Amino acid sequence: MARTRVHNFFVSLDGYSAGETITLDKPIGGAERLFQHFDGRVIEGVHAVDDPITLDRALTSTWGQGIGAEIMGRGKFGPQTGPWTDEEWRGWWGDEPPFRTPVVVLTHHARETISFDNGTSFHFVDATPADALERARDLAGGKDVRIGGGASTVRQFLQADLIDFMHLVTVPIVLGRGVSIWDGLEEVQDRFAIESTTTKSGLVHHFWNRER
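Just so it is clear, the structure is predicted and the values come from calculations on it, not from any experiment.

## Here we look at the sheet that holds strand β5 (residues 121-125)
Reading across the sheet, the 9 strands line up as β4-β5-β3-β2-β6-β1-β7-β9-β8 and stay open at both edges, with mixed pairing between neighbours. Each edge of the open sheet is held by one strand with a lone partner, namely β4 (114-115) and β8 (192-198). Here strand β1 (residues 4-12) pairs with strand β7 (residues 165-171) via 6 bridges, running parallel. Within β7, the position partnered with Arg5 by the bridge is Phe165. Against the sheet, helix α3 (residues 129-140) makes contact with β1, β2 (67-73), β3 (102-106), β5 and β6 (144-149), and its axis sits at roughly 150° relative to β2, the strand it touches most. Contacting β1, β2, β3, β6, β7 and β8, helix α4 (residues 151-159) runs over the sheet at an angle of about 135° to β6.

Spelled out as structure tokens, the structure:
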């Protein structure tokens, strides 16, 4: 059965996964330090770069394995809020978004689907987590669906009890403020079997598998 997965989701020591305000210059809202140890090229596969194959690289390279579609919040797609006023905005990633699958973008404002030559397509929907997941599964062709973030989107899917697996990465920094995935999720850990490992870089990788 296809699963709903979260991958490479970075969390500070004080529990924040994003800054408070997304802007064009700060797509993670001022929490960019969370990603100072992350080389995004690794999502293309652990052998796709010439650098040494470290444990961090091996663990983060599972991001795309078996994924048929992604769901993301509107803030991950772009900094705009309210009705769309810039139809030329096609996401942060230029002409080659890294997803290479259909992507469901959660938004209250309708927009036509955007498609790219590399297989990425953005589908804009106003839906509950359950309905968005049903749409993504239809697009995924029997493969798994990745919940790509941001923090509030992951929280909504946890609240709806729709996530089967999470790969969380604790980064040894304190942000002091921001957006957390944990608000209102007391005892959520009881739904999962959790394993953790610390790498040489100081990152702690946590693997949450849904108890059945």
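## Here we look at the pattern of salt bridges
All chains considered together, the criterion is met by 8 salt bridges. We note a salt bridge from Lys76 to Glu70, for which the minimum N-O separation is 2.9 Å. A network of salt bridges, in which partner residues are shared, links Arg3, Arg5 and Asp144.

## Regarding the pairing of β6
Note on strand geometry: in a regular strand, side chains alternate between the two faces of the sheet. In terms of burial, β6 is a largely internal element, 6 of the 6 residues being buried. As defined by bridge partners, β1 adjoins β6 across 2 bridges and the pair is classed as parallel. What sits directly across from Arg5, in β6, is Arg146. With 5 bridges joining them, β2 and β6 adopt parallel strand pairing. For Met72, the partnering residue across the bridge sits in β6 and is Gly149.

Parameters and conventions
- Residues numbered from 1 in each chain as written.
- Predicted model: local features only at pLDDT ≥ 70, side-chain atom pairs only at ≥ 80, totals over all residues.
- Heavy atoms only, no water.
- Pairing = 2+ DSSP bridges.
- Helix = DSSP H or I, 4+ residues; strand = E, 2+ residues; numbered from the N terminus.
- Contact = heavy atoms within 4.5 Å.
- Axes fitted to C-alpha atoms, helices over the stretch in contact; angles between N-to-C directions.
- Salt bridge = Lys/Arg side-chain N within 4 Å of Asp/Glu carboxyl O.
- Buried < 20%, exposed > 50% of the residue type's maximum accessible area, 1.4 Å probe, protein only.

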